[in-house]
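Each chain, letter by letter, is given below.
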Amino acid sequence: MIFLTRKAEFSSAHFYWNDAWSPEENQRVFGKCANRNGHGHNYTLEVTVAGEVDPVSGFVVDLKELKDILEREVVSAYDHRHLNFEVPEFKTAIPTTENIAIAIWKRVDNKIPHAKLHRVRVYEMPDLFADYYGEP
Amino acid sequence: MKAHLSRRYHFSASHRLHTESYDAAQNTTVFGKCNNPHGHGHNYTVQITLSGQVDPATGMVCNLAELDAFAQTKLLEHFDHTNLNMLDCFRDTVSTTENLSIEIYRIFQRFTAAHLERVHVEETSNNSFDYSGDSAPAPGTI
């Protein structure tokens, strides 16, 4: 079994807000992330897949194909977008790094031929990242 | 759904690798230039990995501001710009990054808002250490 990781980058705006709470409660819990005008990050995505090496091609997956899948399923939907307003899954979920990792798992899972999705890692910044392994 | 959250912190400290269990020659042989009597220093990076269910109300494993406040008061204020050998935790143990990782694991076990998965400490860009308590980390999680 080989683990293979492909990176991609996207730049997006977001803010944290729970409509069920008062503005004061949102401010208390989310701090400056609750600024309704939003703010943004350069996100780095790492998608790790697991699989056996094809004896003919020497590949676990075709990296170009994986790159195209990430571009089509994630980057084209997230890059230079406001996550809260323009990405459907964040109409109902707050676009935290944890929820972005879970959302990307759902977008990519079962779309990669010949390999199993192992981990989605999302860096909001170099010192903060979330991992999702598909666990319930 | 269960997710993992990792946060990196940075501090700078000096130390000297030395044990009273060895004589001077053995200390020099084992620890080399790290045994320099006047000590030396590093820019350490500490990466804390926590896991837990993502709270539907916040979208978070735990509140990052609470984690940062904990790290500030329990880690950085004790370790940053200090000589590690002068700290209580290294009175009887050598201030290697292995022992530092174990000590930092003990500290973050007291942060109870999420489950502590692992402590990863980089002494330099070429040396890093991981400690997950007594149990081995789950396959593929490092």
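Below, the structure is looked at part by part. (Residues numbered from 1 in each chain as written. Chains lettered and ligands numbered in written order. Predicted model: local features only at pLDDT ≥ 70, side-chain atom pairs only at ≥ 80, totals over all residues.)

This part covers the overall build of chain A. Of the regular secondary structure elements, chain A holds four helices and five strands. Taken along the three principal axes of its C-alpha coordinates, chain A extends 60 × 30 × 25 Å. Expressed as a percentage of its 136 residues, the buried residues of chain A come to 32%. Taking contacts inside chain A between residues at least 6 apart in sequence as the whole, the part at least 24 apart equals 71%. (Helix = DSSP H or I, 4+ residues; strand = E, 2+ residues; numbered from the N terminus. Buried ≥ 20, exposed ≤ 12 C-beta atoms within 10 Å, placed from the backbone. Contact = placed C-beta atoms within 7 Å.)

What follows is about the interface of chain A and chain B. Taken together, the contacts link 20 residues of chain A with 17 residues of chain B. Going through the elements one at a time, helix H4 (97-108) and strand S5 (128-132) of chain A are the ones with two or more residues in the side of chain A that touches chain B. In terms of residues, the side of chain A that touches chain B owes the most to one element, S5 of chain A, which gives five residues. Bridge count between S5 of chain A and strand S1 (residues 2-15) of chain B: four bridges; the pairing is antiparallel. (Pairing = 2+ DSSP bridges.)

What follows deals with unusual backbone geometry. Residue and element names in this part refer to chain A. Although it is not a glycine, His 80 sits at a positive phi angle of roughly 55°. Checked against the element boundaries, His 80 lands in the loop between helix H2 (63-78) and strand S3 (81-82). You can call His 80 exposed: it has 11 C-beta atoms within 10 Å. Backbone geometry places His 114, a non-glycine residue, at a positive phi of 70°. Among the secondary structure elements, His 114 is positioned in the loop between H4 and strand S4 (116-125).

Residues and elements named next belong to chain A. Here Ile 104 shows up in helix H4. The spacing of Ile 104 and Val 75 is 29 residues in sequence and 9.9 Å in space, taken between C-alpha atoms. Beyond its immediate sequence surroundings of up to four residues, Ile 104 is in contact with Leu 45, Val 74, Val 120 and Val 122.

It is worth spelling out the nonpolar core at this point. Leu 45, Ala 101, Ile 104, Val 122 and Tyr 132 of chain A together with Ala 3 and Val 61 of chain B are the most contacted members of the largest nonpolar core, which totals 51 residues. Considering each element in turn, this core owes the most residues, seven residues, to H4 of chain A. Setting aside its immediate chain neighbours within four residues, Ala 3 of chain B contacts Glu 98, Ala 101, Ile 102, Ala 130, Asp 131 and Tyr 132 of chain A together with Val 54 and Val 61 of chain B. Counting residues in each nonpolar core, the second largest holds five residues, with Phe 15, Tyr 16, Phe 30 and Ile 94 of chain A among its members. (Core = buried A, V, L, I, M, F, W, Y, C linked by C-beta atoms within 7 Å.)

What follows deals with helix H2 (residues 64-79) of chain B. Residues and elements named next belong to chain B. The largest bend in H2 amounts to roughly 40° and is located at Gln 72. Turning to H2, its buried residues are Leu 67, Ala 71 and Phe 79. Those residues of H2 hidden inside the fold are in contact with S1 and strand S3 (82-83). Directly beyond the C-terminal end of H2, a positive phi value near 55° is found at His 81. (Bend = angle between axes of the 7 residues up to and from the residue.)

This paragraph deals with the pairing of S1 of chain B. In summary, the side chains of a regular strand alternate between the two faces of the sheet. Residues and elements named next belong to chain B. Pairing geometry for S1 and strand S2 (residues 40-53), over 14 bridges, is antiparallel. By the bridge assignment, Ser 6 is partnered in S2 with Thr 49. Relative to S3, S1 runs parallel, the two sharing two bridges. Residue pairing across strands places Ser 14 opposite Asn 83, the latter belonging to S3.

Residues and elements named next belong to chain A. Close contact between H2 and H4 brings their axes to 10 Å; oriented N to C, the two are set at 125°. Judged by the angle between their axes, H2 and H4 are oblique. Here H2 and H4 pass one another in a crossing that is right-handed. Judged by residue contacts, Ile 69, Glu 73 and Val 74 of H2 engage Ile 104, Arg 107 and Val 108 from H4. (Axes fitted to C-alpha atoms, helices over the stretch in contact; angles between N-to-C directions. Parallel < 35°, antiparallel > 145°, perpendicular 65-115°, else oblique. Left-handed = near helix turned anticlockwise from the far one by under 90°.)

Here we come to the pairing of S4 of chain A. Residue and element names in this part refer to chain A. Both strand S2 (residues 39-51) and S4 contribute to a ladder of seven bridges, which runs antiparallel. Opposite Thr 44, over in S4, you have Tyr 123 as the bridge partner. Both S4 and S5 contribute to a ladder of five bridges, which runs antiparallel. The residue bridging Val 122 from the neighbouring strand is Ala 130, located in S5.

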